[in-house]
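Letter by letter, the chains look like this.
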Amino acid sequence: MNTVDLARRKEAMHALNPFAPGAGRQPKELVGREQELEIMDRIIARTKAGYSDRGLVYSGLRGVGKTVLLLRMKDMAAGQGLITVRMEATGNETHDYELLFDGISKAILRERRGTLRQKMLDSLKTSIGLGNEDKGISSDSLRLEMMVEELCRELKKEGSGLFLFIDEFQVMSSDLMGTIIGLQHSMGQEDLPFYVIAAGLPNLPGVLTKSRSYAERLFQYKRIGRLPEDETRECFEKTIGKINVRFDDDALNRLIELSKGYPYFIQAYGSAAFDESESSPIPLSAVIKGEPIAQASLDSGLYESRWQRARPLEREYMRAMASLEKSVCSSAEIAERLGRPPADVVRVRKGIIDSGLAYSPERGLLAFTVPGMGDFIRRAAPSEEQTYDDRA
């Protein structure tokens, strides 16, 4: 085979790259989340049968596939004809209310059953005075409560339900979060089909119970972590097996080692290795060639934006955390590394937590929310003078 033919073959193969690196992109294979999907299946079945259930809360580090899981669950519910609304909390209460109202309106308009769609529209206009500003309800929280209640009463008659999927729930304002938790509580008491399916960082369960103490009884709480080695292997194999390609054993073992079981890393390293290959089975040499490409992709897409999100003093604090080379650090030893009393850096520590850059697994302890963040800081030595970007 001449050089031109080899190039064409390689180009044709790369066009079929089945990996999907990037935040929230749907992978070809969702391995290791069967239990979570079964729970969602059960809630859908109960809803269609006229029964209510608790909501779901998933928490975990960044890069473990929480957003992908929410999207898959949303597709499952929508595929069964249920009403679904999805939003990513921003922390701006006004904007988040707008996202909710807009999402609910669009969900109603997407309903294909014309009779049900009209009933839902009529119930909203009647109970809330939509389209009549003089009679409209001015309180966003009351408006949301009435919208959800009226919709759910109508949906229950049809064996349907309203599912609210919320990503980054931990950043939502306390008042709006409390309103949504209260809705899950009151709709459950009324046996109405309303479900909050939410995801966020490891501190999310604590944030919810701080907002409303009874939140611990309203949801099934599930911790999402990295995949074990056998499921990581299965994910790589199934993803490329769909197009009749495989990795040789050495290549696959190296990919498992590099990805550490994190779905975000699996997609990044798998994609880079695939693009560096010329044939099947994909050899170790292709994985090695792809490593710096995947690492650069992770740096730009996962780490650098988080570093830019931190203020100068927070970057200094994060650098001290990274220098300890521990997965979990105590606040005291971080302060000692900075050469300052712990009380002097309490605000900095709080700022890092509030920005979603770190979380406290236990009192007095701190860990990064992004896997490998400490390695990135030690390896790339990012500048503390980088432009601060609170939108990162």
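Coordinates for the structure precede this section.
Residues numbered from 1 in each chain as written. Predicted model: local features only at pLDDT ≥ 70, side-chain atom pairs only at ≥ 80, totals over all residues. Heavy atoms only, no water.

Engineer: Honestly, the nonpolar core in this entry has me stumped. Any pointers?
Structural biologist: Across soluble globular proteins, nonpolar side chains show a tendency to be buried alongside one another. Ranked by size, the top nonpolar core spans 78 residues in total, and within it Met40 and Phe247 carry the most contacts. With eight residues, helix α11 (residues 263-275) is the single largest residue contributor to this core. Among the nonpolar cores identified, the runner-up in size contains 40 residues, and Leu116, Cys152, Ile180 and Ala215 belong to it. (Core = buried A, V, L, I, M, F, W, Y, C linked by side-chain atoms within 4.5 Å. Buried < 20%, exposed > 50% of the residue type's maximum accessible area, 1.4 Å probe, protein only. Helix = DSSP H or I, 4+ residues; strand = E, 2+ residues; numbered from the N terminus.)

Engineer: Please explain unusual backbone geometry as it appears in this structure.
Structural biologist: Backbone phi values are negative for most residues with the exception of glycine, while trans is the configuration of most peptide bonds. Across the junction of Ser280 and Pro281, the peptide omega takes the value 5°, indicating a cis bond. Relative to the elements of secondary structure, Pro281 occurs in the loop between α11 and α12 (284-309).

Engineer: For this particular structure, what's the right way to read the pairing of strand β4 (residues 194-200)?
Structural biologist: Along β4, seven of the seven residues are buried, which leaves the element largely enclosed by surrounding structure. Burial of β4 is two-sided: the residues Phe194, Val196, Ala198 and Gly200 facing one way and the residues Tyr195, Ile197 and Ala199 facing the other way are all buried. Pairing geometry for strand β1 (residues 55-59) and β4, over four bridges, is parallel. Residue pairing for β4: Val57 is matched across the bridge by Ala198. By the bridge criterion, five bridges tie strand β3 (residues 162-167) to β4 in an arrangement that is parallel. Each bridged residue has a counterpart across the sheet, and for Ile166 the counterpart in β4 is Ala198. Handedness of the crossover is the feature at issue here: the chain leaves β3, passes through helix α7 (residues 174-189), returns alongside β4, and the resulting connection is right-handed. (Pairing = 2+ DSSP bridges. Right-handed = clockwise from strand over helix to strand, strands pointing away.)

Engineer: So what exactly am I meant to see when it comes to the packing of helix α9 (residues 229-241) against helix α10 (residues 249-259) here?
Structural biologist: Helix packing for two helices is described by the angle between their axes and how far apart those axes are. Axis separation between α9 and α10 bottoms out at 10 Å; the angle between their running directions is 120°. Judged on the interaxial angle alone, α10 and α9 are oblique. Here the hand of the crossing between α9 and α10 comes out right-handed. Along the contact surface, α9 presents Glu229, Thr232, Arg233, Phe236 and Glu237, while α10 presents Leu252, Asn253, Leu255, Ile256 and Ser259. Classifying every residue of the contact of α9 with α10 by side-chain character gives four nonpolar, three polar and three charged. (Axes fitted to C-alpha atoms, helices over the stretch in contact; angles between N-to-C directions. Parallel < 35°, antiparallel > 145°, perpendicular 65-115°, else oblique. Left-handed = near helix turned anticlockwise from the far one by under 90°. Contact = heavy atoms within 4.5 Å. Nonpolar A, V, L, I, M, F, W, Y, C, P; charged D, E, K, R; others polar.)

Engineer: Even after reading the chapter, I still don't get α7, so can you show me in this structure?
Structural biologist: Taking 1.5 Å of rise per residue, 16 residues should cover 22 Å, and α7 covers 22 Å from first to last C-alpha, within 8% of that figure. Once α7 finishes, Asp191 follows within two positions and takes phi at roughly 60°, a positive value. (Expected span 1.5 Å × (residues − 1).)

Engineer: Help me out: how do you make sense of empty space enclosed by the protein in this one?
Structural biologist: Space left empty within the atom packing is revealed by a probe, the size of a water molecule, rolled over the atoms. In the structure shown here, the tally under the stated rule is three cavities of 30 Å³ or more. Approximately 60 Å³ is the volume attributed to the largest cavity. Residue lining of the largest cavity: Val85, Leu100, Ile104, Leu144, Val148, Leu162, Leu164, Ile180, Leu183 and Phe194, and that is the complete set. Secondary-structure elements contributing two or more residues to the lining of the largest cavity are α4 (93-110), α6 (140-157), β3 and α7. (1 Å grid on protein atoms, 1.4 Å probe; cavity = no way out; pocket = protein on both sides within 12 Å on 5 of 7 lines; lining within 4 Å. Points joined across faces, edges and corners; volume = space filled by probe spheres on them.)

Engineer: Can you walk me through the sheet that holds strand β7 (residues 358-359) in this structure?
Structural biologist: Across a sheet, strands are paired by hydrogen bonds formed along the backbone, either parallel or antiparallel in direction. In space, the three strands of this open sheet follow the order β6-β8-β7, with antiparallel pairing throughout. If you trace the sheet from one side to the other, it starts and ends with β6 (329-330) and β7, each paired once. Summarising the sheet, β6 and strand β8 (residues 365-368) pair through two bridges and their orientation is antiparallel. Bridge pairing links Ser330 to Leu365 in β8. The strands that helix α13 (residues 312-323) touches are β6 and β8; relative to β8, the one it contacts most, it runs at about 95°.

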